[in-house]
Amino acid sequence: MQIRRDYTQPFFREKKRPSPLRYLLLVLLLLVGAAWWASTQPLWLESTVQTLFFAPPTPTPLPRQLMAWADEAFAAGDLPRALALYEAALAQRPNNPDYLYAYGQALIENNRPEEALNVAQRIAENSTQDVRAYALRARAMVFMGQSASAIPVALTGLDINPTFGALYETLTRAYVAQSRWRDALNAGKRAVELAPQDARAFWAYANALASVAAYEEAISYYEQAIELAPTFMPPYFELAFLLLSLDRNQEAIDLYDRILGMQPRNARALLRQCDAYRKVGEFERAIGLCQDAAEADVTFVPAQYRLGILRYSRREFDLAEPAFVRCLEAAPDNLECRYYLGLTRYYLGDCQSSWTLLKESERIAIARENTADALNIIQTGLLAISNDARCPAYAGRVRPTVETTPEAESDTP
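To keep things clear, this report deals only with the structure shown in the data block. These figures come from a predicted structure and were not determined experimentally. (Residues numbered from 1 in each chain as written. Predicted model: local features only at pLDDT ≥ 70, side-chain atom pairs only at ≥ 80, totals over all residues. Heavy atoms only, no water.)

A look at the overall build of the protein chain
Turning to step 1, where the next piece is worked out: Scanning the protein chain from N- to C-terminus turns up 21 helices and zero strands.
Turning to step 2, where the next piece is worked out: A burial count over the protein chain gives 43% of its 413 residues as buried.
Turning to step 3, where the next piece is worked out: In the protein chain, 49% of the contacts between residues at least 6 apart in sequence involve partners at least 24 apart.
Turning to step 4, where the next piece is worked out: Total accessible area computed for the protein chain in this model is approximately 23600 Å², and 54% of it derives from carbon and sulfur atoms. (Helix = DSSP H or I, 4+ residues; strand = E, 2+ residues; numbered from the N terminus. Buried < 20%, exposed > 50% of the residue type's maximum accessible area, 1.4 Å probe, protein only. Contact = heavy atoms within 4.5 Å. Areas by Shrake-Rupley, 256 points an atom, 1.4 Å probe, with all protein chains shown as cover.)

Topic: the layout of surface pockets
Turning to step 1, where the next piece is worked out: By volume, the largest pocket is sized at about 970 Å³.
Turning to step 2, where the next piece is worked out: Residue lining of the largest pocket: 33 residues in total, with Leu79, Glu109, Arg200, Phe232 and Pro234 positioned closest to the centre.
Turning to step 3, where the next piece is worked out: If one sorts the elements of the lining of the largest pocket by residue count, helix α5 (residues 97–109) sits on top with four residues.
Turning to step 4, where the next piece is worked out: Of the residues belonging to the lining of the largest pocket, the class tally is 17 nonpolar, eight polar and eight charged. (1 Å grid on protein atoms, 1.4 Å probe; cavity = no way out; pocket = protein on both sides within 12 Å on 5 of 7 lines; lining within 4 Å. Points joined across faces, edges and corners; volume = space filled by probe spheres on them. Nonpolar A, V, L, I, M, F, W, Y, C, P; charged D, E, K, R; others polar.)

Quick word on the state of the cysteines
Between two cysteines, a covalent bond joining their sulfur atoms is known as a disulfide.
Turning to step 1, where the next piece is worked out: Within this structure, the stated rule accounts for three disulfides.
Turning to step 2, where the next piece is worked out: Here cysteine 351 engages in a disulfide with cysteine 391; their sulfurs sit 1.9 Å apart. On the S-S bond that ties cysteine 351 to cysteine 391, the torsion sits near -60 degrees, and the link is left-handed. Placement of cysteine 351 in helix α20 (residues 351–367) and of cysteine 391 in the segment after α21 (372–387) is noted, with a sequence separation of 40 residues between them. Here cysteine 351 and cysteine 391 have matching classes, each one buried.
Turning to step 3, where the next piece is worked out: The cystine pairing of the protein chain, numbering bonded cysteines in sequence order, is 1-2, 3-4, 5-6. (Disulfide = S-S within 2.5 Å.)

Without other data, these values stay purely geometric and don't point to any function.
Encoded structure:
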């Protein structure tokens, strides 16, 4: 049988195109399905939107990580950062005694011992037998100038734990302050035995040794403290001061250079460097360093005073005046800055301001003890104004009971 093909029809049949309405219905069904599924998965939806349109939230570090960072900052001498990190860790673990003790130590190092006392109380509230509460309290009291009261606190702590090295370190300092030299040496020796890796123990013992003129041994322990904690500044300063007092001037200068290599704007180091160069007769360099110290920290009263005195002694009164002004702004009760500012303004021709400052200084000096030398300088200045033809408003107000001239007689604050 033969099949015959009809060539009037196409070989392939054309398919019918789907209706646009069919596509629309399919899309609507998909949207409705997706909306229903998303409504049953709110957490997934929130996470997806956050990822697509917003930055993901920063995870909060765990307390132990914050403490590790804080300890690193503390060891490096970055006290502001250390304190901030300790506080962040304590915000999550407010009653952790380890965290509280580390925070209290940092507060003391940052010259905030009163706050450290409160931290010590928080440790004691958790446990009255926690020796760290006694150690922190005693150390804060020593730094507040209450050494006599700190001694029984530290001894009570030793009753709880007789091998806690920090208590011996604190006792060493307290005994030195009370001139109990033998007790200080015994406590200092015990401190370094119990805490051979604690720079503060070596620092305290060195201080005790220096107090009894065991200078070479003290130098050795200061150097060991520096080796244990190269960024801990107090042993540097005490060692440099000791070297300077022993006329080992270049060694002291080199030590201050080491400090400034780590902290170029350390006002205290700049001031001590100024003193060192002044001692060896390099006055121009000394003045430059005092100027740097005064600019590094305008609130550092010793630097402002020393700069003012150096300028005053060279009769550079226009340069001395701003230093004394900054000194008085930072410490309004500073008697020396007040009367030297008065004398400086006398030499600059400002009789009224000079008279006012010197009369105020006279009242303050009379009210205080051990101010005979200062009172003599003040009254000499008042007499000079009273006898100066440039100051007619004050003529004859002071009788000539002193004969010295109002020059700088001391350059120590």
